[in-house]
Each structure stands twice: as C-alpha cells, then as structure tokens.
Amino acid sequence: MEIERHEYDVIVIGAGGAGLRAAIEARQQGKRTAIVCKSLFGKAHTVMAEGGAAAAMGNVNSDDNWMVHFRDTMRGGKFLNNWRMAELHAKEAPDRVWELEAWGALFDRTKDGKISQRNFGGHEYPRLAHVGDRTGLELIRTLQQRVVALQQEDYETHGDYEAYIKVFQECTITRLLKDGDRISGGFGYWRESGNFVLFDAPAVVLATGGIGKSYVVTSNSWEYTGDGHALALLAGANLINMEFIQFHPTGMVWPPSVRGILVTESVRGDGGVLRNSEGERFMFNYVPDVFKDKYATSEEEGDRWYTDQANNRRPPELLPRDEVARAINAEVKAGRGSPQGGVYLDVSTRLPAEEIKRRLPSMHHQFKELADVDITAEPMQVGPTCHYIMGGIEVDADSGAASVPGLFAAGEVSGGMHGSNRLGGNSLSDLLVFGRRAGAGAAAYLDGLPARPKVDQVQVDAARAEAEAPLQRAGENPYEVHQELQRTMNELVGIIRKAEEVSEALEVVEKLKERVQLVGAAGTRIYNPGWHLALDLRNMVLVSECVARAALLRQESRGGHTRDDFPGMRPEWRQKLLACSTEDGTSITIEEKAQPAMRDDLISLFDRDELSKYLTDEEMAEFDRIAKS
Amino acid sequence: MSYKAKFKVWRGEGGEGKLEDFTIEVNEGEVVLDIIHRLQATQAPDLAVRWNCKAGKCGSCSMEINGKPRLGCMTRMSTFSEDETITVTPMRTFPVIKDLVTDVSYNYEKAREVPSFTPPEGVRPGEYRMQQVDVQRGQEFRKCIECFMCNNVCHVIRDHEENKPAFSGPRFFIRIAELDMHPYDVAPDRKETAQGEHGLGYCNITKCCTEVCPEHIKITDNAIIPMKERVVDTKYDPLVWLGNKIFKRSK
Ligand SMILES: Cc1cc2nc3c(=O)[nH]c(=O)nc-3n(C[C@H](O)[C@H](O)[C@H](O)COP(=O)(O)OP(=O)(O)OC[C@H]3O[C@@H](n4cnc5c(N)ncnc54)[C@H](O)[C@@H]3O)c2cc1C
Ligand code: SF4
Ligand code: SF4
Ligand code: FES
C-alpha cells in the first residue's frame, strides 16, 4: 500500500495549549503548518486544567510584577529551574494572556473590569487569570477558535481553509525522521483507518504533554504516554530533570474508579482547609524551614490572610504542591487518614453554598455526579495523584530548540522551566509563552536553512514495520503489560522513593521491555485501541526507565523527588542536571551536566538569607562578590 | 458490592454492525465508561470508544445509553438496576466509524462557517474592560465541552441527512449567541446570519438540546429564543429592515 504523504514547513505534534500556540505563531510567520494530534481537535489534555494561568498583571494586587513572579517560580522549583526560562516566562506571561482576550477569551473580571486573578499555592499575590474552575477549556477553545480564524483568513485569500494551517486529528506520530543529523519529518498512523501517513517537514515542534499514564493513580488521560519524550530520545535529543514528578496533593480517592481525578487547588486558594481524621488542620505542622517566615503559624492568622494580605501570612495549605502532597502522605501513613484513605478537604464551612457553586462549579458537579458528595455541605476526601512531569526535552530557552537541528519542544514535554517542582498555574502560562517561542524558533530555523532535508525511505520502511508488528503476531495482551508497568511505577518510584525499591523497579522495567516486544493486538487496523496501546508501550517503558534511573542517581530530596534514604536538599546537587539519552533506542544512559549559574541581575533579586538555604559556600562567596560590585 | 451486569454494545465497522452481548463485572461507584474499559481490557481489546478526561470536561465520550445521549464517564452504574440489560450504541446522527466512535467532522465544518470574534479596531490587548455581568452571559455558552450531543439529538438532522448542509445545530447557535453578546464583538448581523445561513429557522424549540446538555447550558431559553425574537423584531420592523438594506448597499 502506498503511504499517504504530506509536505509542510512545520509539523506541530500536539494540539494542547503549547502546540496550538506554536502552530499559530508558525502560521502567522507565513509557514505552512500541520497540527497533528491523537484526540479530536479541542480535546487535548489542556482542556482539563482548572485553576488558571499565572501572569503577573497586577490586576488584583498592584505590587505584583515579573520579578515577584520570577522569585516565586524559582522558589517553587527549589532553584533548580532554568533561570532564563523562568525569566522569560515571568516577563511574557501577561502579554500572552491579554492576547487571548483579544482572540475572544472571556476571563472572570475584577470590579474595575480587568481580568480577575486568584490565589494559588506558592504565588505571593493573587495571580491566576481564570474562568471559574474551567480555565483550560477557555484556553484551548480560544486557541482552537484562533486557528479557525486564521483558516477563515486563508479562505478569503487563497480559497482554501487549509492552505496554510491544517489539523490532522486522531493521528499518532510514532517516529521522527532524520536526514543526517537534521530533522526531515515524522511518521505515524491514522487512528480511524489504521493507515500510515508520512509528513515531510524540516521542522518539528513537539508539544505532546506528559507521562502520567505510567502510573495507576493519576489525573492524566490516556494520551499521556510520554510519546514526545520518547520520540525526542529516539531522535537523539536529551531529556533532563526526569526524576521530578509532581504528585498533586488533592486527587479524588473514592470511588475507586475515579481515584486520582483532580480536585483543583483553587479549592484551597478560595479558602478550603485540610484536616486529618482527628479534625486537626495538620498543615501547620509541616511548614519546612525554607518557608518558615512566609506562612502563618496560627489558624487565626491564616484565616485573616484571605481578607488582609498586607498584614498576615498565608495559610500553610497554600504551600507548594510537593510539600502538601508529602504532608498528606505522612498523615495517612501515621493512621490519621479518612476512611477511604485520604484526608479531608473542606470548603463547606468556609464559604456560603452559593459562592462555592459560583467559584467552583465543576468541582461541585464532579463530586455530586461521581461520588455523591455535596461539597457545599460536607468535606471531600482527597489524596496525592500523579499529575505533572517537570522533566522533559532539554531546550534552548529563547527558541525552544532541542539539540537535534530542526527539533523544537514546548509545554509539559519540555524540561527546565519548572525546576524540581512546578507552581500551580505556571503550566498554562508556560504553554503560551514557550509555545509561541517554539513556533517562532521553528520559523527562524527554516529561514536560515540552506537546503530542505530529505526523507529517507529506509527509515520510513523501518517505522512502518515497527508499527505493523503487533497486528501481525498473536502475543500477550497489551493491557496486562500496561497494568504491570503502572503498578510498578506507582509502588516503587512514587511519591517517596528508596534505592532498593527504585532498583527493583528498574529490574521489572527490563523485563517489561522484552514483553513489550512481544505483545499482540487482536482485531483489524480500524480504530483499534489494543493496537494503539501496544505501540504506546514502547514510549512508556522508555520514559519510565528515565524516571527510575534519574531517581536512583539523585541522592537528595528536592521538589518532586523525595528520597527516604536521602532526606533534605543538598546544595551540590542543585548544580547538577541529569541528562538522559539513548544510543540503541532501548536502553537509557545518564550523564551529569552542570546547571548554568544565574545571571548577576537575577540572582541579586533574592535575599542573602534565602539563597544561603539553597547554594553552596562557593556560590555564596560569588554572590557576595556580585552584591559588593 | 460487585455484580455481573448484562450489556449490549453496538459493534461494527464500515457501515455494518450489530449489538453484541456481554456479561461483565461492575464495582461500586463505577460509570458506564469504566465498564467499556473493562470490556476492552478483558474481552474485546479492539472495542473502539473515545474518551480523555473521565470527569465530564472534554466531551469525548458521547454515546447513547439505552437510547439516550449521555457522557459515558458521567453515567453512574448505580442509576440502573442490577438485572437491567444496558444497551450502548454510538451517536445516531453521525456516521459510525467503528463501534462507539462516530465521524463528527460535520461539527468542525460548521464551526468554520461561523465568522470569528471581531474586535473593534484600535483596542490593544490589555486594554479590554468588561464587567462580570456582561461577560457572564457569554460565559454560559463557553462552558460548552463540544460533546455534540445537542446536535446529535436535534430532530432537524437526527434522521434528516438532507438538512445538514443548511443547519448548523444548537452547538453553533450558542456559539453565534455568545459572539453576539460579547461586549467587544462588532461583526454585523450575527442574528440575521444565524437565521439566514445557519438554519435557525428550522428549529421549532422542542428543547431536546437543552435537556441533553451535560453542562446544563440553557440552549433554547438563553440563546435560541432570544435570537429568534430579535430576528423577528428586525425582520418585521419595516424601518429597521429598510435601514439595514440601505446601509448595506451604500457601503
Ligand atoms: C486535571 C488537570 C488540571 C490542571 N490544572 C492546571 C491549572 O489550573 N493551571 C495550570 O497551569 N496547569 C494545570 N494543569 C497542567 C496543564 O494542564 C498541563 O500541563 C498542560 O495542559 C499541558 O499542555 P501541553 O500543551 O503541553 O499538552 P496537552 O494539552 O496535553 O496536549 C498534548 C497533545 O499532544 C498530542 N499527542 C501526544 N502524543 C502524540 C503523538 N504521538 N502523536 C500525535 N499527537 C500526540 C495529544 O493528542 C494532545 O493534542 C492541569 C493538569 C490536569 C491533568
Ligand atoms: S430546540 Fe431547536 S435546536 Fe434544540 S433540539 Fe429542538 S429543534 Fe433542535
Ligand atoms: S452545548 Fe451542551 S450538549 Fe451541545 S455540544 Fe456543548 S456541551 Fe454538548
Ligand atoms: S471522557 Fe471527557 S467527558 Fe467523558
């Protein structure tokens, strides 16, 4: 069978916030752009985001500005962040949010008619632009409608909606293609027909999101099989920070079938409190030293903060997510959990019922429909859930370029921006800021490209053989292999890690690699989920190995990586990045890389006292030198 | 707690298919989509179904359960009795690709025909000022998760393929209403085009669309009826009618 073939300037893999913003940019710069995504257009994971997009617009508290946002982001990431990304993000997020408004987004408003902003963990001021608790839907719909608007423009000028930007929905990319060391395109299949498709394109932007489907308890959907992470590895790029996974503190715990589904942090931002089975607001016992002077020490002070932020400190329920998740984990382990194995999250005694329904409509709906719980009258039960991967493709901050020429990445699939822990709300803004930059980066790359790379038929044939294989053999059920991987990662490389357990996980992963080679998919090529899963398994296993190997090497606890056998942060580890790569396409090697030092004007934004909690003595000496000059 | 339920699931591809019988375990708190997933994992690995969020937020898992359009992920098994046979079929208005998955491209084509948000010239990003009360009306419609169940249930196209070219369906009536109510949208004649180009006139206000909407958007009361009323106003007021025409020609 002839393989369907398309030629484009740029292919953007992923139609979430990052992919759509990248595609819009590439098209606005005159490049012919294809958007390829596994689900229907408008259904990408971004649609599920609830709380909001962080941007220091200063609409609610005018003291906010990019420098405060930058500091909060670096603190949240425990100073492991790529500081240049954190800087660009803090500076550009407001423009990216305002731009959405000019494309038709309807955010909630302040009294004076500006975009309203809400409190969130780790953000010093109310900073999240939002629409109730369905911000992701607004974001994705606005970008989707912007794509349509551009298509309408193209229809006016060229008589063809798809002249410059086309969406290939329900289409999965399984391999990137290269000409020498440069990207030359991508290979994939249509989910609907099972037919193969080849994209001939000199630039690829990966915006495929995360990896949560390697865990049992997760807030992530079936799409999160780490495809982009694996595609990049297989094309020769590096992944960094893969040991850092964010376990969101509040996922649903009951009924079992919804375990892991997210309960937005806005519940706490809007006044919700956490209690254990003894009725105690336990978070007051878990404020770590580095944050001691920033959080309230009594319930009264915490409560006053909601109305008077100038004279009170914030309640510890709003600590960064890694802290809250570990605290809940510890309470449950100590036997102070709720009957269904979580803790209580209560907003019913804190806000009037009508207010809860207005501010948290989808939470109200979700609990009522799925758990028979009325959150305006009773507490929810919640526990940690695998939510977000800080690690991803190592990119140049300004252009989103990976080390492979022609390859770009943005959004959750890229690494560095969030360091060891992401603040809530910083992802949606990350998607917009770096999606745009990656689209522009790809356009600039094309402008400087001497000759168009060629697609190599040998690679296409190999990709095709690889994709067809599970259909052609009667092998093990892919669902079983998947479940074993999920259990392994959940139990052995979860929220609290130890060397023996992680090593054990690596052994299991080795065996799973062999089993993945042998899984079979019954049925035809047409819309066959068993076959699709069989192909996704290669990616999940590869990425799980990265997570486990990096977790074993990093001998400290920081952000989304907690080692039982190495509690506490170690400043010398802050200077190290663990970079994963693969030579043979099946096994992962890790190399230590140095974290570049922060620019002088940026490090000077911090107090000496604070920095001394994170930096080595030599780094502090350097800081003192900068401070003096 | 757990029991065995009887299911009939529509299976087939390429225009042919039939209801297949399954007996399958059901546990406490589960929804129909969980059962479909269990069928995939244990009895029918190639059973096709769309889903993403499993929490009623993405609008992927639209299907018909005992003949009623529902989101599979928000339909609790506890709403059925244990001895009831549950029949699951794909949405009827759209061509079936395989099993529970339908070709919904009709909706994406219609989306492209609605002129986009058109802000006035000269307002720069960051300068927009709107009151909460003014955005709230549009926000109701922007809650739409594009499950397309309203379009699926609407009798104008449900068994009338021939009406599809002229009729955009309730999903896009609320899109037009939303733009019409946007404080900064200056595109002319939103209501008139709803009538003239998107087939609002076919709607006879049966309210079936409002009844199935999982987001509880009052499609008929808050979008369709107000647009119809105003279309009628402008249509039958001879002065306005004349004014519009004269204005348009002299442009
Ligand atoms: C429940 C929930 C709530 C959240 N709330 C917030 C919040 O309030 N604020 C915040 O800032 N962040 C939030 N997050 C995080 C944030 O939503 C995500 O990190 C972000 O949306 C990821 O966007 P993305 O553009 O990188 O990828 P996604 O939106 O996940 O899109 C990935 C795209 O890649 C496509 N894709 C993947 N693999 C392939 C392949 N092989 N071939 C073709 N296409 C492929 C998919 O189909 C999809 O279109 C939340 C996350 C969850 C799960
Ligand atoms: S009210 Fe109108 S649009 Fe809605 S289902 Fe009935 S006929 Fe269709
Ligand atoms: S209006 Fe309601 S029923 Fe129609 S597509 Fe949107 S969410 Fe679904
Ligand atoms: S899976 Fe998203 S609405 Fe059902």
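This structure is a prediction, so every number in the text was calculated from the model and none was measured.

## Considering the overall build of chain A
- On a plain count of helices and strands, chain A comes out with 19 helices and 21 strands.
- Its C-alpha atoms give chain A a radius of gyration of 24 Å, within 12% of the compact-globule value 25 Å for 629 residues.
- Principal-axis analysis of the C-alpha atoms gives chain A an extent of 70 × 55 × 50 Å.
- Here chain A holds 629 residues, and the buried ones make up 67% of them.
- Look at the contacts in chain A between residues 6 or more apart in sequence, and 73% of them connect residues 24 or more apart.
- Once the 73 positive and 94 negative side-chain charges of chain A are each reduced to a mean point, those two points are 1 Å apart.

## Remarks on the overall build of chain B
- If you tally the helices and strands in chain B, you get 10 helices and 7 strands.
- Its C-alpha atoms give chain B principal-axis dimensions of roughly 70 × 40 × 25 Å.
- Per-residue burial for chain B yields a buried fraction of 56% across its 251 residues.
- When contacts within chain B are restricted to residue pairs at least 6 apart in sequence, long-range pairs at least 24 apart make up 62% of them.
- Of the accessible surface of chain B, which amounts to about 11200 Å², a share of 52% is contributed by carbon and sulfur atoms.

## Structural notes on the interface of chain B and chain A
- The partner chain A presents 69 residues to the 60 residues of chain B that form the contact.
- For the pair chain B and chain A, the summed buried area comes to about 5300 Å², and 52% of that belongs to carbon and sulfur atoms.
- Looking at the side of chain B facing chain A, the largest losses of area belong to B:K57, B:R112 and B:R142, adding up to 16% of the total buried there.
- When the shortest N-O distance is used, the salt bridge between B:R50 and A:E170 registers 2.8 Å.
- For the pair chain B and chain A, the interface holds 43 residue pairs in polar contact (both at pLDDT 80 or more).
- Of the residues forming the side of chain B that touches chain A, the biggest block, 5 residues, is contributed by helix α3 (residues 132-142) of chain B.
- When grouped by side-chain class, the residues that make up the side of chain B that touches chain A number 29 nonpolar, 13 polar and 18 charged.

## Remarks on the site of ligand 1
All names here are of chain A.
- What surrounds ligand 1 is a group of 40 residues, the closest being T46, G51, E223, Y224 and D227.
- Within the backbone of G52, an N or O atom sits 3.0 Å from a nitrogen atom of ligand 1.
- Between ligand 1 and the protein, one listed contact pairs an oxygen atom with a side-chain N or O atom of E223 at 2.5 Å.
- Starting from 1000 Å² of accessible surface for ligand 1 in isolation, the protein chains cover 99%.
- For the shell around ligand 1, the secondary-structure elements that each account for two or more residues are α1 (17-28), β3 (33-37), β8 (171-179), β16 (380-389) and α11 (426-447).

## Remarks on the sheet that holds strand β1 (residues 3-11) of chain B
All names here are of chain B.
- The strand order across the open sheet formed by 5 strands is β2-β1-β5-β3-β4, and the pairing between neighbours is mixed. At either end of the open sheet lies a strand with only one pairing partner, and these are β2 (18-26) and β4 (68-71). Across the sheet, the mean angle separating the axes of adjacent strands is 35° when strand polarity is ignored.
- Across 4 bridges, strand β3 (residues 62-65) lies against β4 in antiparallel orientation. Residue I65 lies in a different strand from β4, and its bridge partner there is K68.
- The strands that helix α1 (residues 32-42) touches are β1, β2, β3 and β5 (85-89); relative to β2, the one it contacts most, it runs at about 100°.

## A word on the packing of aromatic side chains
- According to the stated counting rule, one finds 22 aromatic pairs over all chains in the structure shown.
- Ring centres of A:F70 and A:F606 lie 6.0 Å apart, and the angle between their planes is 50°; on these two criteria the pair is classed as tilted. Highlighted residues: A:F70 in helix α2 (residues 66-76) and A:F606 in the loop between α17 (600-603) and α18 (608-612), separated in sequence by 536 residues. Pair check on accessibility: A:F70 and A:F606 agree, each one buried.
- Each member of the aromatic cluster is reached from another via a ring pair, and the members are A:W66, A:F70, A:F79, A:F606 and A:Y614.
- Positioned above the aromatic ring of A:Y388, the side-chain terminus of A:R422 is 4.1 Å from the ring centre.
- The ring centre of B:Y106 lies 5.6 Å from the NZ or CZ of B:K164, which sits over that ring.

## Observations regarding the UniProt feature "coiled-coil region" (unreviewed entry) in chain A
- The positions that UniProt labels "coiled-coil region" (unreviewed entry) are, in the present scheme, residues 482-515 of chain A.
- Along residues 482-515 of chain A one finds 82% helix and 0% strand; the C-alpha atoms at either end are 10 Å apart.

## Section: the nonpolar core
- If you look at the biggest cluster of nonpolar residues, it comprises 244 residues, and the most contacted ones within it are A:L206 and B:F7.
- The leading source of residues in this core is helix α15 (residues 529-553) of chain A, at 11 residues.
- Setting aside its immediate chain neighbours within four residues, B:F7 contacts B:E20, B:D21, B:F22, B:I24, B:V32, B:I35, B:M77, B:T85, B:I86 and B:V88.
- If you look at the next biggest cluster of nonpolar residues, it comprises 14 residues, including A:L177, A:L198, A:A463 and A:A467.

## Here we look at the confidence of the model for chain B
Residue and element names in this part refer to chain B.
- For chain B, per-residue confidence averages 91 on the pLDDT scale, and residues scoring 70 or more make up 92% of the total.
- Scored below 50 in pLDDT, residues 240-251 makes 4 contacts in the model with residues more than four places away or belonging to other chains.
- Among the prediction metrics, the complex's ipTM stands at 0.92, with pTM recorded as 0.94.

## Quick word on the sheet that holds strand β19 (residues 414-415) of chain A
Residue and element names in this part refer to chain A.
- One open sheet holds the 5 strands; their spatial order is β19-β17-β12-β20-β21, and the pairing between them is mixed. The outermost strands of the open sheet, each flanked by one partner alone, are β19 and β21 (588-594).
- Here strand β12 (residues 239-240) pairs with strand β20 (residues 576-582) via 2 bridges, running antiparallel. Residue pairing for β20: L239 is matched across the bridge by C580.
- Lying on the sheet, helix α5 (residues 227-234) is in contact with β12, β17 (392-394), β20 and β21; it crosses β20 at an angle near 75°.

## Digging into the packing of helix α3 (residues 83-102) of chain A against α11(A)
Residues and elements named next belong to chain A.
- Where α3 meets α11, the axes come as close as 8 Å, and the angle between the chain directions of the two elements is 90°. The angle between the axes of α3 and α11 places the two elements in the roughly perpendicular class. Across the interface between the two elements, M85, L88, H89, E92, A93, R96 and L100 from α3 touch N426, S429, D430, L432, V433, F434, R436 and R437 from α11.

Definitions and cut-offs
Residue indices begin from 1 for each chain and proceed along its sequence in written order. Throughout, the order in which chains and ligands are written sets their labels, letters from A for the former and numbers from 1 for the latter. Only residues with pLDDT of at least 70 are given local features in this predicted model, and only at 80 or more are side-chain atom pairs given and counted; all residues enter the totals for whole chains, interfaces and linings. Note that the side-chain values use all heavy atoms of the structure and ignore hydrogens as well as water. The secondary structure listing takes helices from DSSP runs of H or I that are at least 4 residues long and strands from runs of E that are at least 2 residues long, numbered from the N terminus. Throughout, radius of gyration means the C-alpha value; the globule benchmark is 2.2 Å times the number of residues raised to the power 0.38. The buried label goes to any residue with under 20% of its type's maximum accessible area, the exposed label to any with over 50%, and the partly exposed label to all in between, with areas taken from a 1.4 Å probe on protein chains only. Residue contacts follow a heavy-atom distance rule, with two residues in contact if any of their heavy atoms lie within 4.5 Å. Charge counting treats Lys and Arg as positive and Asp and Glu as negative, with His and both chain ends excluded. To locate a charge, take NZ of a lysine, CZ of an arginine, CG of an aspartate or CD of a glutamate. Areas reported here follow the Shrake-Rupley algorithm with a probe of radius 1.4 Å; residue values treat only the protein chains shown as occluding. Buried area: the sum, over both parts, of the accessible surface (1.4 Å probe) that disappears when the two are put together. Throughout this description, the term salt bridge denotes a Lys or Arg side-chain nitrogen within 4 Å of a carboxyl oxygen of Asp or Glu. Whenever two N or O atoms come within 3.5 Å, that pair is a polar contact, provided that in protein one can donate a hydrogen and the other can accept it, and provided that, for residues adjacent in sequence, both atoms are side-chain atoms. Note on residue categories: nonpolar means Ala, Val, Leu, Ile, Met, Phe, Trp, Tyr, Cys or Pro, charged means Asp, Glu, Lys or Arg, and polar means any other residue, Gly included. Any residue with a heavy atom lying within 4 Å of a molecule or strand is counted as near it. By the convention used here, strands pair only if DSSP detects at least 2 bridges between them. All axes here are fitted lines through C-alpha atoms, helices being fitted over the stretch that makes contact, and every angle between N-to-C directions spans 0 to 180 degrees. Two rings from Phe, Tyr or Trp (for Trp, the six-membered ring) form a pair when their centres are within 6.5 Å of each other. A pair whose planes differ by under 30 degrees is stacked, one over 60 is edge-to-face, and the rest are tilted. Any Lys NZ or Arg CZ that is within 6 Å of a ring centre and within 35 degrees of that ring's normal is treated as a charge sitting over the ring. UniProt positions are given in the numbering used here, feature names are shortened, and annotations may be inferred rather than shown by experiment. We define the nonpolar core as a collection of buried residues of types Ala, Val, Leu, Ile, Met, Phe, Trp, Tyr and Cys that are connected through side-chain atoms lying within 4.5 Å of one another. Predictor confidence is given residue by residue as pLDDT, running from a minimum of 0 to a maximum of 100. Angles below 35 degrees are treated as roughly parallel, those above 145 as roughly antiparallel, those between 65 and 115 as roughly perpendicular, and all remaining angles as oblique.

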